[in-house]
Amino acid sequence: MANKTTVVLPCSGIGKPYGEIGRQSTYTLMEDLCPGKVTTTCLAKLMIGDPDAVELVKNNPVITLDGCAQDCARKNVESAGKKPDRAVRVINTFKHHRDLKPTGILDLGEPGRKLVEILASDLALEIDCPAKKEGSADA
Amino acid sequence: MLELVEITPPKKVGIIPCNGEELPEGTLTRFACRKVLDQIKPNNTVTICLPLFINNGKEERGFVENFPTITVDGCDKRCGQKITEKLGGKKPEHSIVITDLLKEHGINAPGSARTLVDMDQQAIDLVAGEIAKKVDEIISKPNDGGK
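1. With respect to the overall build of chain B
Along the backbone of chain B there are six helices and four strands. In chain B, the succession of α and β elements from N to C terminus is β-α-β-α-α-β-α-β-α-α. In terms of overall size, chain B behaves like a compact globule, its C-alpha atoms giving a radius of gyration of 16 Å where 147 residues would be expected to give roughly 15 Å. For chain B, the proportion of its 147 residues judged to be buried stands at 53%. When contacts within chain B are restricted to residue pairs at least 6 apart in sequence, long-range pairs at least 24 apart make up 70% of them. Split by element, the accessible area of chain B, about 7600 Å² in all, is 50% carbon and sulfur. Separation between the mean location of the 20 positive side-chain charges and that of the 22 negative ones in chain B comes to 4 Å.

Printed below as a string of structure tokens:
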């Protein structure tokens, strides 16, 4: 994935913290860890078949980040005609760090923010970004 | 003698935010909707997860078919409204577009999709208040204002 822009697509869930962890991990990759190498688009735009969004995912590597087992981000990318290069369930990161329980849905608290750091750092390695932070684990 | 009183459950309205991850206005839909769900109208509102609705989520489809909805879109692409109309088989009771609402009230959009700051609270309150107003309009209807 080194020489292309990677599209990271988090799900849109706002019922549990894991959707927000996916979104914040996406922003962390875009702005902190892999600026210029990662972008995102609105999942809803993809769902209505917006031409720009569809082209973006078809022409670039895609990582989906899903907050629950419904895998909506992955399924919607597949519906747009693209198999994601990597499909991540955020809950798996939490399973490796059960001490880091988010304290809110949109305001994740310190434990949730730590999970964001861990997930984003692991994904940065796959995207081949240099700025890996310490303390990461499997996504 | 005891008087029998019919107890009816609170009317429910589905709030469908676009949640647009790319735009600050999408982030605003999330925060405003959560404020309505958690603080302003907790007994009368539920949220519909738009991607799950598309992915044939049975609860989501069933709710949209049988209950009134309000879509909250971050921009004039109106993704939430379009999807609701296409898959729900009916128009939402109300459709709110954040860019239009902010412009109407002379309030700036948040500067970042990543994080909202203190100065964005006015925008959150405006959107949440508008949603709550529309919820009140729906549940005050005598007949079909939700089950």
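Still to come is the rest of the account.
2. Remarks on the layout of surface pockets
Leftover empty space is mapped by rolling, across the atoms, a probe with the size of a water molecule. Empty space within the largest pocket amounts to approximately 580 Å³. Around the largest pocket, the lining is made up of 23 residues, and of these Glu20, Leu106, Asp107 and Leu108 of chain A together with Phe31 of chain B lie nearest the centre. Within the residue set of the lining of the largest pocket, elements represented by two or more residues are helix H1 (17–33) and helix H6 (109–127) of chain A together with helix H1 (24–40) and helix H6 (121–139) of chain B. By residue class, the composition of the lining of the largest pocket is eight nonpolar, five polar and 10 charged. What the second largest pocket holds in volume is close to 450 Å³. Lining the second largest pocket are 23 residues, with Gly13 and Gly15 of chain A together with Cys49, Leu52 and Glu60 of chain B positioned closest to its centre. With three residues, the top contributor of residues to the lining of the second largest pocket is helix H3 (residues 58–66) of chain B. Class assignment of the residues belonging to the lining of the second largest pocket gives a composition of 11 nonpolar, seven polar and five charged.

3. Observations regarding the interface of chain A and chain B
Between chain A and chain B, the residue contacts involve 28 residues of the former and 25 residues of the latter. When chain A packs against chain B, close to 2300 Å² is buried across both sides, 63% of that on carbon and sulfur atoms. Taken together, the connections running from chain A to chain B amount to four salt bridges. A salt bridge links Asp50 of chain A to Lys77 of chain B, with the nearest nitrogen and oxygen atoms 2.8 Å apart.

4. A few points about the sheet that holds strand E4 (residues 86–89) of chain A
Residues and elements named next belong to chain A. Sheet architecture is open: four strands sit in the order E2-E1-E3-E4, paired in parallel fashion. The outermost strands of the open sheet, each flanked by one partner alone, are strand E2 (38–39) and E4. Bridge count between strand E1 (residues 6–10) and strand E3 (residues 62–66): four bridges; the pairing is parallel. Its bridge partner lying in E3, Pro10 is registered against Leu65. Packing of helix H4 (residues 72–79) onto the sheet brings it into contact with E1, E3 and E4, and relative to E3 it is tilted by some 145°.

5. Some thoughts on the sheet that holds strand E3 (residues 69–73) of chain B
All names here are of chain B. Here four strands make up an open sheet; going across it, the order is E2-E1-E3-E4 and the pairing parallel. Single-partner strands in this sheet number two, and they are strand E2 (45–47) and strand E4 (94–97). Direction aside, the axes of adjacent strands within the sheet are offset by 20° on average. One ladder, built from four bridges, connects E3 with E4; its direction is parallel. The partner of Val72 across the bridge, within E4, is Ile96. Each of E3 and E4 touches helix H5 (residues 98–105); the most contacted strand, E4, lies at about 70° to it.

Parameters at a glance
Residues numbered from 1 in each chain as written. Chains lettered and ligands numbered in written order. Predicted model: local features only at pLDDT ≥ 70, side-chain atom pairs only at ≥ 80, totals over all residues. Heavy atoms only, no water. Helix = DSSP H or I, 4+ residues; strand = E, 2+ residues; numbered from the N terminus. Rg over C-alpha atoms; globule rule 2.2 N^0.38 Å. Buried < 20%, exposed > 50% of the residue type's maximum accessible area, 1.4 Å probe, protein only. Contact = heavy atoms within 4.5 Å. Areas by Shrake-Rupley, 256 points an atom, 1.4 Å probe, with all protein chains shown as cover. Lys, Arg positive; Asp, Glu negative; His and termini not counted. Charge placed at Lys NZ, Arg CZ, Asp CG, Glu CD. 1 Å grid on protein atoms, 1.4 Å probe; cavity = no way out; pocket = protein on both sides within 12 Å on 5 of 7 lines; lining within 4 Å. Points joined across faces, edges and corners; volume = space filled by probe spheres on them. Nonpolar A, V, L, I, M, F, W, Y, C, P; charged D, E, K, R; others polar. Buried area = accessible area lost by both parts, 1.4 Å probe. Salt bridge = Lys/Arg side-chain N within 4 Å of Asp/Glu carboxyl O. Pairing = 2+ DSSP bridges. Axes fitted to C-alpha atoms, helices over the stretch in contact; angles between N-to-C directions.

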